[in-house]
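Letter by letter, the chains look like this.
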Amino acid sequence: MNTIIIKVDAEKLRADELDQAAEYLRSGRLVAFPTETVYGLGADALDSKAAHKIYEAKGRPSDNPLIVHIADVKDMEKLAVDIPEEAYRLANVFWPGPLTMILKKNEVVPYSTTGGLDTVGIRLPANKIARDLIAQAGVFVAAPSANISGKPSPTQAEHVINDMKDKIDMIIDGGRATLGLESTIVDLTGPTPMILRPGFITLEMLEHVIPFIQYDPAILMKPEMDLVPKAPGMKYRHYAPEGCLTIYEGDTKAVIKAINREAQSKQEAGESVGIIATEETKPYYPYGTVKTLGSRWDEASIAAGLYEILRAFDDMHTAYIYSESFADNRLGQAIMNRLLKAAGYKVVNID
Ligand code: TXA
Ligand code: MG
């Protein structure tokens, strides 16, 4: 399949620029597009054949449901039933934006979109290209992250091109995804609202609007504890780099020392080494390829750069990757959730 790639600028978007992409979505084809979190791989959510193509292109397990993207808050009522009052309150505060809500699905939503579940994930993205595309297409757009299943989510069109070229009909290059981590997922179908996936919208932010919200215990536990996460996608090994990634946590000076010791011995043994550091610590790592996520005090840049760095080390076929820990900031929960999975939970505690 010949993949058409178009470049658009969200600031100067012309009405006709998304015509072909919108037409493609209407006719059951696959279009990758930017959102503020990560790039999505879109198809008509109510067309089960189109949804099926998404699973095929990604190599995604068929029990892993897709998030349905809408362009207007009112569309929530066309996809869901028994919508609790909390959903309206959350939509009011956080939409458009990086929040996905799980609600009871309406019968129009096919099981091929929801991975066989009676619930549906809904999100109204903030990115202008995404919203204009959905509105112009006039269909609801099922869109998982536009990566091959198991790879880090794409934060740039280049990543999508690497994973999806010749497998999908179109890729819209709209520049970098500004947030860089997937949306926060909140399940509103049970007695207590639950966070199924941490993201840019944190527990504290959600608590201001719905006070009794909790984390799904499975996302805070180590895999050996054997809890099954409520978001099917969270149970798969995800974001896994090719190399062996280990996270070091503890006092910064001690972490640097321990990482350097490992890096030196691996390098002397002829292995390639990568280090995930920050602006503040970068100068103290003499071994391996050192990549920085930005300042430790700028947590948004840490979140935004994480997948890009994991992909860069993959491109270099780095054998051993050592990372500092980023648990102690506001987005720590979201960042560490991804980093721990990428590391297969290999953590060295220095204290
Ligand atoms: O930021 C995002 O959410 C991006 C952009 C493209 O919007 N999308 C994204 O989709 O991350 P995906 O498919 O990579 O992740 C969706 C997650 C999976 O873990 C899936 O299991 C969960 O959402 N999910 C979707 N529908 C669900 C449902 N009805 N019940 C429970 N979990 C659901
Ligand atoms: Mg994904």
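Reading the values: the criteria
- Residues numbered from 1 in each chain as written.
- Chains lettered and ligands numbered in written order.
- Predicted model: local features only at pLDDT ≥ 70, side-chain atom pairs only at ≥ 80, totals over all residues.
- Heavy atoms only, no water.
- Helix = DSSP H or I, 4+ residues; strand = E, 2+ residues; numbered from the N terminus.
- Rg over C-alpha atoms; globule rule 2.2 N^0.38 Å.
- Buried < 20%, exposed > 50% of the residue type's maximum accessible area, 1.4 Å probe, protein only.
- Axes fitted to C-alpha atoms, helices over the stretch in contact; angles between N-to-C directions.
- Parallel < 35°, antiparallel > 145°, perpendicular 65-115°, else oblique.
- Left-handed = near helix turned anticlockwise from the far one by under 90°.
- Contact = heavy atoms within 4.5 Å.
- Nonpolar A, V, L, I, M, F, W, Y, C, P; charged D, E, K, R; others polar.
- Salt bridge = Lys/Arg side-chain N within 4 Å of Asp/Glu carboxyl O.
- Domains from an automatic or database assignment.
- Buried area = accessible area lost by both parts, 1.4 Å probe.
- Polar contact = N/O pair within 3.5 Å; in protein donor to acceptor, adjacent residues only side chain to side chain.

## Remarks on the overall build of the protein chain
No. 1: Counting its regular elements, the protein chain contains 12 helices and 17 strands.
No. 2: What you see for the protein chain is a C-alpha radius of gyration of 20 Å, in line with the 20 Å of a compact globule of 351 residues.
No. 3: Dimensions of the protein chain, computed from the C-alpha atoms along their principal axes, are close to 60 × 50 × 35 Å.
No. 4: Split into buried and exposed, the 351 residues of the protein chain put 55% on the buried side.

## What to know about the packing of helix 11 (residues 299-315) against helix 12 (residues 332-342)
No. 1: At a minimum axis distance of 10 Å, the contact between helix 11 and helix 12 shows a crossing angle of 20°. When the axes of helix 11 and helix 12 are compared, the pair comes out roughly parallel. With respect to the hand of their crossing, helix 11 and helix 12 are arranged in left-handed fashion. Residues Glu299, Ile302, Ala303, Leu306, Tyr307 and Leu310 of helix 11 form the contact with helix 12, whose participating residues are Ile335, Arg338, Leu339 and Ala342.
No. 2: Looking at side-chain class alone, the contact of helix 11 with helix 12 contains eight nonpolar, no polar and two charged residues.

## Some thoughts on the pattern of salt bridges
No. 1: For the coordinates displayed, the defined rule picks out 18 salt bridges.
No. 2: Among the salt bridges present, the one from Asp173 reaches Lys7, with a minimum N-O distance of 3.6 Å. You can see Asp173 sitting in strand 9 (residues 170-173) and its partner Lys7 sitting in strand 1 (residues 4-7), a full 166 residues away along the chain.
No. 3: A relative accessible area of 16% means that Asp173 is categorised as buried.
No. 4: For Lys7, a relative accessible area of 68% puts it in the exposed group.
No. 5: When the shortest N-O distance is used, the salt bridge between Arg14 and Asp16 registers 3.2 Å.

## Remarks on the packing of helix 1 (residues 19-26) against helix 6 (residues 128-137)
No. 1: It is at 8 Å that the axes of helix 1 and helix 6 come closest, and there the two elements cross at 55°. If you check the angle between helix 1 and helix 6, you find them oblique. For the pair helix 1 and helix 6, the sense of crossing is right-handed. The residues of helix 6 that touch helix 1, namely those facing Asp19, Ala21, Ala22, Leu25 and Arg26, are Leu133, Gln136 and Ala137.
No. 2: When its residues are assigned to classes, the contact of helix 1 with helix 6 shows five nonpolar, one polar and two charged.

## Brief notes about the domain arrangement of the protein chain
No. 1: For the protein chain, the assigned domains are domain 1 (4-229) and domain 2 (244-349).
No. 2: Computed over C-alpha atoms only, the centres of domain 1 and domain 2 are separated by 28 Å.
No. 3: Domain 1 puts 29 residues into the contact, and the matching count from domain 2 is 14 residues.
No. 4: When the buried area of domain 1 at its contact with domain 2 is split by residue, Pro152, Leu181 and Pro198 rank highest and sum to 30% of it.
No. 5: The tally of links from domain 1 across to domain 2 stands at three salt bridges.
No. 6: Between Glu182 and Arg338 there is a salt bridge whose closest N-O contact spans 3.0 Å.
No. 7: Connecting domain 1 to domain 2 are eight residue pairs in polar contact (both at pLDDT 80 or more).
No. 8: Per-class residue counts for the side of domain 1 that touches domain 2 are 13 nonpolar, 10 polar and six charged.

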